[in-house]
Amino acid sequence: MSSREPDLEACPWMKTALGEWGISDVAAYKKRIQAYLRSVDDPLADPVTGLTTKWCAAFVQWCLERNRIRGQRSEHARDWLKWGVPLAHPEWGCVTILWRLQRHGDEGHVAFFTGFWGDQVGVLGGNQRGGHASWPGQVCFGTWPRDHVLGYRWPWIEAEQTL
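Small disclaimer: the values here were computed from a predicted structure and weren't measured. (Residues numbered from 1 in each chain as written. Predicted model: local features only at pLDDT ≥ 70, side-chain atom pairs only at ≥ 80, totals over all residues. Heavy atoms only, no water.)

Engineer: I'm lost on the overall build of the protein in this one. Help?
Structural biologist: Summing up its helical and strand segments, the protein has three helices and six strands in all. Put simply, the protein runs from its N terminus to its C terminus through helices and strands in the order α-α-α-β-β-β-β-β-β. Per-residue burial over the protein gives 47% buried out of 163 residues. Put simply, 56% of the contacts in the protein that link residues at least 6 apart link residues at least 24 apart. (Helix = DSSP H or I, 4+ residues; strand = E, 2+ residues; numbered from the N terminus. Buried < 20%, exposed > 50% of the residue type's maximum accessible area, 1.4 Å probe, protein only. Contact = heavy atoms within 4.5 Å.)

Engineer: How do you make sense of the nonpolar core when you look at a structure like this?
Structural biologist: Soluble globular proteins tend to pack their nonpolar side chains together in the buried interior. Counting 41 residues, the largest nonpolar core has Trp 13, Tyr 36, Trp 80, Val 110 and Phe 112 as the members making the most contacts within it. Of all the elements in the fold, those that place two or more residues in this core are helix H1 (12–19), helix H2 (30–38), helix H3 (56–65), strand E2 (95–99), strand E3 (108–117), strand E4 (120–128), strand E5 (138–145) and strand E6 (149–154). In terms of residue count, H3 provides more of this core than any other element does, eight residues in total. (Core = buried A, V, L, I, M, F, W, Y, C linked by side-chain atoms within 4.5 Å.)

Engineer: How do you make sense of the environment of Asp 147 when you look at a structure like this?
Structural biologist: Inspection of the secondary structure puts Asp 147 in the loop between E5 and E6. Overall, the relative accessible area of 47% leaves Asp 147 in the partly exposed class. It is 9.0 Å that separates the C-alpha atoms of Asp 147 and Trp 99, two residues lying 48 residues apart in sequence. Excluding residues within four positions of it along the chain, Asp 147 makes contact with Trp 99 and Arg 103.

Engineer: How do you make sense of the pattern of salt bridges when you look at a structure like this?
Structural biologist: Close approach of charged atoms allows side chains of opposite charge to pair. A complete count under the given rule lists seven salt bridges for this structure. Across the pair Arg 100 and Glu 107 runs a salt bridge, and its minimum N-O distance is 2.5 Å. A residue is classified by how much of its surface remains accessible, and Arg 100, at 31% relative accessible area, is partly exposed. Using a relative accessible area of 25% as the deciding quantity, one classes Glu 107 as partly exposed. Through salt bridges with shared partners, a single ionic network connects Asp 41, Glu 65, Arg 66 and Arg 73. (Salt bridge = Lys/Arg side-chain N within 4 Å of Asp/Glu carboxyl O.)

Engineer: How should I be thinking about H2 in this particular structure?
Structural biologist: Because the α-helix completes a turn every 3.6 residues, residues three or four places apart line up on one side. Residues Lys 30, Ile 33, Ala 35, Tyr 36 and Leu 37 constitute the buried set of H2. Contacts from the buried residues of H2 go to H3 and E5.

Engineer: Even after reading the chapter, I still don't get the packing of aromatic side chains, so can you show me in this structure?
Structural biologist: Note on aromatic pairs: each is described by the distance of the centres and the angle between the planes. Under the defined criterion, the tally for this structure stands at eight aromatic pairs. Ring geometry for Tyr 36 and Trp 62: centres 5.0 Å apart, planes at 65°, overall edge-to-face. One end of the pair, Tyr 36, is in helix H2; the other, Trp 62, is in helix H3, with 26 residues separating them in the sequence. Accessibility expressed as a relative area gives 0% for Tyr 36, which makes it buried. On the basis of an interplanar angle of 70° and a centroid distance of 5.1 Å, the ring pair of Phe 113 and Phe 116 is categorised as edge-to-face. An identical accessibility class is assigned to Phe 113 and Phe 116; each is buried. What links up through ring pairs into an aromatic cluster is the set Tyr 36, Trp 55, Phe 59 and Trp 62. Over the aromatic face of Phe 116 sits the side chain of Arg 146, whose NZ or CZ is 3.7 Å from the ring centroid. (Phe/Tyr/Trp six-rings, centres within 6.5 Å; stacked < 30°, edge-to-face > 60°. Lys NZ or Arg CZ within 6 Å of the ring centre and 35° of its normal.)

This is the structure:
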């Protein structure tokens, strides 16, 4: 169980993330997702479909930057394992890094921890499906098996770490 109760003052990036709820990879929100991608200097988009790819890390970066916290500045979810302070146990709002496809592969997902539901870990993040495989990636709540967690990280908030 997380020892930190939901606290938007202690985790201002969560307020930012919640304010983006529902932004999805559709034409109407393309400029917003491009803003997330600019935060990691990544213009990723499929030239045929125009759909963006791998924007979960860019969303986390964007939310932290809006709150003057230096993020990892990488579009790769697993790179977040090298950022901040590692946590043995999750705290509400911590950055959560998960594996996708293979535990020891390159694919991953990164989002903000919201709690546990049985054998699932709940996260708020970007480029998630929210339990609906046919939906485009969006900012929403999602769950993953607990054994997909690779790590939990907390911002190292010091003068030289902030923007």
